[in-house]
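Topology and contacts: notes
Letter by letter, the chains look like this.
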There are 2 protein chains.
Amino acid sequence: MIVKKQDQRFRSGASAVLGPMFLLSFLLSPAPRAQAQQFDAPFLSLEANNRQRWEREDQQVDRKLAALESRFGKKPNIIYILADDVGWGELGSYLGGKLMGRPSETLDQMAAGGMKFLSHYAEPSCTPTRLAILTGRHPVRTGVNTVLWPGGPEHLGLHPEELTVAEVLSDAGYHTAMWGKWHVGDAEMHAPENQGFDFAHYGLFNGAVWFWLDVEGHYKDREIVTGAHPFHDFPGVDEYAERFGIDIAGGYYVGRKGRGRERGKDLTSSKDMEDFEETSIDEITGFIRDKATSDRPFFIYWATYFHQDASSPQKYRLQDGVDFVNNQAAQAGQHDEHMRRLLQTLRDEGIEENTLVVWVSDNGPMDYFWPNGGYTWLRGHKGDVLEGGVRTPAIAHWPGMIEAGQDPIDMIHVVDLFTTAARLAGVKDRLPTDRIIDGIDQTALLVLGEGHGRRDYIFHYSGSQLGAVRMGNFKLLFKGPEKGGIPQADLFNIMRDPREEHAHESTGSMLAYNIPFQYLIRSHLEMKRQFPDRVLAPPPSSER
Amino acid sequence: MIVKKQDQRFRSGASAVLGPMFLLSFLLSPAPRAQAQQFDAPFLSLEANNRQRWEREDQQVDRKLAALESRFGKKPNIIYILADDVGWGELGSYLGGKLMGRPSETLDQMAAGGMKFLSHYAEPSCTPTRLAILTGRHPVRTGVNTVLWPGGPEHLGLHPEELTVAEVLSDAGYHTAMWGKWHVGDAEMHAPENQGFDFAHYGLFNGAVWFWLDVEGHYKDREIVTGAHPFHDFPGVDEYAERFGIDIAGGYYVGRKGRGRERGKDLTSSKDMEDFEETSIDEITGFIRDKATSDRPFFIYWATYFHQDASSPQKYRLQDGVDFVNNQAAQAGQHDEHMRRLLQTLRDEGIEENTLVVWVSDNGPMDYFWPNGGYTWLRGHKGDVLEGGVRTPAIAHWPGMIEAGQDPIDMIHVVDLFTTAARLAGVKDRLPTDRIIDGIDQTALLVLGEGHGRRDYIFHYSGSQLGAVRMGNFKLLFKGPEKGGIPQADLFNIMRDPREEHAHESTGSMLAYNIPFQYLIRSHLEMKRQFPDRVLAPPPSSER
């Protein structure tokens, strides 16, 4: 079992208090299966019902992985790319692309040459999805229920006792590196170099919040007639940061495992953000070339600032067919070129067939940025547990292992990337059993194709609250607190109505639909009592 | 110039009254260009600005057509297939298909092997689109502004003086035949055998209105708990038809040019509808085989009942992955199999490369039928001039002439199919100039590919009212009557916001956006004064 190396400097008070509770929950839990991660209850029952089939499929998968390993002499490389606020429907392969003035040629080719997921889900916002991909756990379990903002409480973030995919893969012998937007805590204890990455070049948030109000063209549509911006005298964030003595981290860091971090370049203009993207892809391709011939595989986590929206690369705005007023469309052009370079480097180094590349978006589009920003065909947007908030584009590419041209409708969640990585690295059976890991091993879906997904449910948390529950084609969406003991929820048939326009209210004649969901939710909550959510902040002293 | 053979039996009073008015308008119109159809004003200015480029392209197109003609010894065959209420987003190639439980394998292959239009537009409802495809004119010009219902006024319909695509192609030597849902008038003067078709096997409406309330499973979702239907005692349509002595035409007709029509099979159950679809494809493939070796080309207009929604073929409901409660999904399976047979027959006969097949839907999905019926990613549905009502899936297939795998964003409207057919038949220059023909020759788009479309505007009529106007990427959507002289309209950037969620109101600071639209609309209205809309019914005697 991988045990997280605990740096006592970072051990928080809350965690110390919770120690005995974890022990107690461990004793109360059902006898843990030896050498297996602790899954949530709905998965355990699904697994029990499919054990024989899955075992046969796993043998197939294992044979394919073994053949690959003997060919390349090491486990496969893994590259996870996390884009920012790209909606379901924005890429060409999702019926967007040129139609929306956002050409995405490389990503479309990547989809055509691999697997495009039609039912990939993330958490509804930025920090939560980053925690989910890193820990394989719904962020509510890690104690973080919110997007972290510069100036917020410093103790909130990726707790040192959480186990990250980088730590898992490090332990399995991988080189590990990350670039981009960290955004899971500002303190050093949260930082990537202390969370399993050998190397990291990153920003904490985006360092650009104050640019949102003054980037050229950003509000062009609203200003075109009057020339005036309604918030032109809004105080600068930096001014308030100075007043309260808060470091708003308007720049980048370079961190190295065991050697701490150094402040890198400052971020003083949107051009700096564009340059950071260029620097990232330069360093990433350099890293790939450097590690291609190593006897150890590598893991890259690239949390690109693509679609951060504060930047608007001139070079890509000027291309034919780009919506030139939309910063995001210009950034899409920049990112697409970077993706081309990344995939080309893998080909040039002859390691394309030993490298799984997964590209996902962290949540739906952020409507606040209109007329900039992303777009989705679905209802809702970033922050919602409606499909528009949580269903995001996702593409997997691995020639020889993933058959080209696939577009499975199998459900997959961003937490699954954690567990799938552990499987590929051959260390899935060494994951800890003292906590629930929500991520499901989806290697069979990747390698055997559509219909081999291993998920028939999703818990969509909205902050600390369960906002919606998916079960097969159906989704129960909570609308608010119970009224007189009757749940207030809408039921949707997501297959028939992916835009969630035709609700069956769960009250009245539709009440019966609730019952299967109650079973599912109850099993989830019972297991939560055994493995409670981490508490990072003291509870409010409302109880006398 | 093709002159419509006027059958005096069918000459209506209204038309007789209008005769002198047409003559007058002809005299008032600008000098008609010799041997050319009369286009609307916005097209004439677009053409003037692109004349040289278009002439060069037309020479390219002509060379390709000439080479094809010398290979096959005749003009190309043309097959137009009109589906019913299929929304933009419902087929697999439009991000639907299996995701929505509506597999569309053949249509997806047809799209992959040809051209999928991302910006194809129809009229917002059933009868209007049928008139548009048949006449190349916005139906408002033909005097029909409404969907025709059984029991409605008999004089409403496709006026004998309208020139149909079947008449144009007949005149050019084509065999002409139609199958399916006619729905442009119940009287014999409106019937296909009197409108240019050598043969027609058709229903007038759908003959199935009364099934909508009792087809097994149709309202399953709403009845599952109570077992009761809120309209279970609604009077039967047939009962009222009898009372008022109206023939509601609950059956099919077989018509032959010059020989009138015979009543065919009755329609007494949803099974009869399914059978009619089977009969249609049997006859269509038979017709193709029969005419394949003729020295004359053929034209087929198949207005399939696919998605009429009242039928639910058991065979296709039972397939894996089909949303079995949704009649339409089952019909999609049936239609997809029929499309497979049609395309296979063309291949078997060796005429695939000499046959243009165009498949379009007549309007967006009809929400009233929920949980049955179609679906769209766009806002609005059948009946709306919102994108969800008028943007529909459309696929063109012509191996050797249309390059495979294309998905142009060029705008195309269903009226364009009329003029494009005339061009392919070599008789475009013989179209009449005594009326506006809205259809634009889009052969260059088909043959030369994306970017060669010839349309930058669309007038979206809602009944007799101009409901919205498209100009480039922008769309002005009228919300209601002017208030104090200020137009009430929303402006959308359709490229950036295809779902029309972010309106710029044309009042206030956005008023300036109206001005270019005013120019466009004024030129359209001025030409309408020269070529007035046909009037089929006497005006209401509200003027004393």
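The numbering scheme is per chain: residues are counted from 1 as the chain's sequence reads. Labels are handed out in written order, letters beginning with A for the chains and numbers beginning with 1 for the ligands. Local features are withheld for residues below a pLDDT of 70 in this predicted model, meaning they are given only at 70 or higher, and side-chain atom pairs are given and counted only at 80 or more; totals for whole chains, interfaces and linings count all residues. Based on all heavy atoms of the structure, the side-chain values leave hydrogens and waters out of the count.

On the side of chain B, 42 residues touch chain A, which itself brings 42 residues to the contact. Regarding the contact of chain A and chain B, the summed buried area is about 3900 Å², with carbon and sulfur atoms giving 62% of it. By salt bridge we mean one thing: a side-chain nitrogen of Lys or Arg within 4 Å of a carboxyl oxygen of Asp or Glu. For the interface between chain A and chain B, the tally reads four salt bridges. The partner of Glu450(B) in a salt bridge is Lys98(A), with the nearest N and O atoms 2.5 Å apart. Within 3.5 Å is the distance limit for a polar contact, defined as a pair of N or O atoms, with the added protein rule that one can donate a hydrogen and the other accept it, and that residues adjacent in sequence qualify only through two side-chain atoms. Across the chain A-chain B interface, the total number found is eight residue pairs in polar contact (both at pLDDT 80 or more). Should any heavy atoms of two residues lie within 4.5 Å, those residues are counted as being in contact. Values labelled buried area give the accessible surface lost by two parts on being combined, using a 1.4 Å probe and summing over both.

Next up on the list: the pairing of strand S12 (residues 457-462) of chain A. Categorising residues by exposure relies on relative accessible area from a 1.4 Å probe, with only protein chains included: less than 20% of the type maximum marks a residue as buried, more than 50% marks it as exposed, and the intermediate range marks it as partly exposed. Helix and strand definitions follow DSSP, with helices as H or I runs of at least four residues and strands as E runs of at least two, each counted in order from the N terminus. Counting buried positions along S12(A) gives five out of six residues, so the element sits mostly inside the fold. A pair of strands is labelled paired if DSSP reports no fewer than 2 bridges between them. Linking S12(A) back to strand S13 (residues 465-471) of chain A in an antiparallel pair, the connection comprises two residues, with Gly463(A) at a positive phi of about 65°.

So, about the relation of the copies chain A and chain B. Each copy is superposed on the other by least squares, with the fit set by C-alpha atoms of residues at a pLDDT of at least 70 in both. When chain A is fitted to chain B, the residual RMSD is 0.0 Å, and the transformation amounts to a turn of 180° plus an axial shift of 0.0 Å. Taken together, these values place the two copies in the relation of a two-fold axis. In terms of proximity to the rotation axis, the leading residue of chain A is Trp377(A), whose C-alpha is 2.8 Å off the axis.

For the rest of this paragraph, the subject is the nonpolar core. Residues belong to a common nonpolar core when they are buried Ala, Val, Leu, Ile, Met, Phe, Trp, Tyr or Cys residues joined through side-chain atoms within 4.5 Å. By size, the foremost hydrophobic cluster in this structure holds 80 residues, and its most contacted members are Leu342(A), Trp359(A), Trp377(A), Leu342(B), Trp359(B) and Trp377(B). When near neighbours in sequence (up to four residues on either side) are disregarded, Trp359(B) contacts Ile81(B), Ala83(B), Val86(B), Leu91(B), Leu107(B), Met110(B), Phe306(B), His335(B), Met339(B), Pro393(B), Ala394(B) and Ile395(B). Judged by nonpolar contacts, the second largest core, of 61 residues, contains Leu148(A), Ala394(A), Leu431(A) and Val447(A).

This part covers the sheet that holds strand S2 (residues 115-117) of chain A. Residues and elements named next belong to chain A. Ordered by their spatial adjacency, nine strands build an open sheet running S2-S10-S9-S1-S8-S4-S5-S6-S7, and the pairing between neighbours is mixed. Unpaired on one side and paired on the other, S2 and strand S7 (260-266) mark the two borders of the sheet. Between one strand axis and the next, the sheet turns by 15° as a mean value, whatever way the strands run. Orientation is described by axes fitted as lines to C-alpha atoms, over the contacting stretch for helices, and by angles from 0 to 180 degrees between their N-to-C directions. Relative to strand S10 (residues 394-397), helix H3 (residues 105-112) is tilted by about 60°, and along the sheet it contacts S2, strand S9 (355-361) and S10. Where helix H9 (residues 270-291) meets the sheet, it contacts strand S1 (77-83), strand S4 (175-181), strand S5 (199-203), strand S6 (251-256), S7 and strand S8 (298-303), and its direction lies at approximately 170° from that of S8.

Below, the discussion takes up the layout of surface pockets. Empty space among the atoms can be located by rolling a probe the size of a water molecule over them. Within this scheme a cavity is a closed region of a 1 Å grid, computed over the protein atoms alone, that accommodates a 1.4 Å probe without allowing it to escape, whereas a pocket is open but has protein on both sides within 12 Å along at least five of seven lines; lining residues each have an atom within 4 Å of a point. Grid points are joined across faces, edges and corners, and a volume is the space filled by probe spheres set on the points. In this model, the largest pocket occupies a volume close to 1100 Å³. Lining the largest pocket are 36 residues, with Gly92(A), Ser93(A), Lys116(A), Ser93(B) and Lys116(B) sitting closest to its centre. Elements that contribute at least two residues to the lining of the largest pocket include exactly H3 of chain A together with helix H3 (105-112) of chain B. Counted by class, the lining of the largest pocket contains 10 nonpolar, 16 polar and 10 charged residues. Note on residue classes: Ala, Val, Leu, Ile, Met, Phe, Trp, Tyr, Cys and Pro are nonpolar, Asp, Glu, Lys and Arg are charged, and everything else, Gly too, is polar.

So, about the pattern of salt bridges. Residue and element names in this part refer to chain A. If you walk through the whole model with that rule in mind, you get 74 salt bridges over all chains. Among the ionic pairs, Glu 352 bridges to Arg 347, the shortest N-O distance being 3.1 Å. Put simply, Lys 475 and Glu 387 hold a salt bridge, and the shortest N to O gap is 2.9 Å. Taken together, the positions of Lys 475 in strand S14 (residues 474-483) and Glu 387 in helix H12 (residues 387-390) put the pair 88 residues apart, joining distant regions of the chain. Taking the relative accessible area as the measure of exposure, Lys 475 reaches 0% and is therefore buried. Three or more residues are tied together by salt bridges with common partners; here these are Arg 53, Glu 57, Asp 58, Asp 62, Arg 423, Lys 428, Asp 441 and Arg 454.

Time to look at the sheet that holds strand S2 (residues 115-116) of chain B. Residues and elements named next belong to chain B. With respect to topology, nine strands assemble into an open sheet ordered S2-S10-S9-S1-S8-S4-S5-S6-S7, the strand pairing being mixed. Sheet topology places S2 and strand S7 (260-266) at the edges, where each strand pairs with a single neighbour. Pairing between strand S6 (residues 251-256) and S7: five bridges, direction antiparallel. Directly across from Gly 255, in S7, lies its bridge partner Arg 261. Relative to strand S8 (residues 298-303), helix H9 (residues 270-291) is tilted by about 170°, and along the sheet it contacts strand S1 (77-83), strand S4 (175-181), strand S5 (199-203), S6, S7 and S8.

Let us look at the packing of aromatic side chains. Two aromatic rings from Phe, Tyr or Trp, using only the six-membered ring of Trp, form a pair when their centres are within 6.5 Å; if the ring planes differ by under 30 degrees the pair is stacked, by over 60 it is edge-to-face, and anything between is tilted. One pass over the structure, following the stated rule, counts 38 aromatic pairs over all chains. Each ring, one from Trp182(B) and one from Tyr301(B), has its centre 6.5 Å from the other, and the planes form 70°; the classification is edge-to-face. Of the two residues, Trp182(B) sits in the loop between S4 and S5 while Tyr301(B) sits in strand S8, which places them 119 residues apart along the sequence. The pair Trp182(B) / Tyr301(B) is uniform in exposure class, with both members buried. Counting every residue linked through ring pairs, the aromatic cluster contains Tyr80(A), Trp182(A), Phe197(A), Tyr202(A), Tyr253(A), Phe299(A) and Tyr301(A). Placement of a positive charge over a ring is assigned whenever Lys NZ or Arg CZ falls within 6 Å of the ring centre and within 35 degrees of the normal to the ring plane. The side chain of Arg391(B) reaches across the aromatic face of Trp88(B), ending 4.8 Å from its centre. The ring of Tyr457(B) carries Arg455(B) above its face, with NZ or CZ at 5.4 Å from the centroid.

On to unusual backbone geometry, then. At Asp85(A), a position not held by glycine, the phi torsion is positive, near 65°. Mapped onto the fold, Asp85(A) is located in the loop between S1 and H3.

Residues and elements named next belong to chain B. The span you would expect from a helix comes to 1.5 Å times its residue count less one. The end-to-end C-alpha distance of helix H11 (residues 327-348) is 32 Å, a good match for the 32 Å that 22 residues give at a rise of 1.5 Å each. For H11, the tally of buried residues reaches 16 of 22 residues, placing the bulk of the element in the interior. Looking one or two residues beyond H11, the residue adopting positive phi is Gly 350, at roughly 70°.

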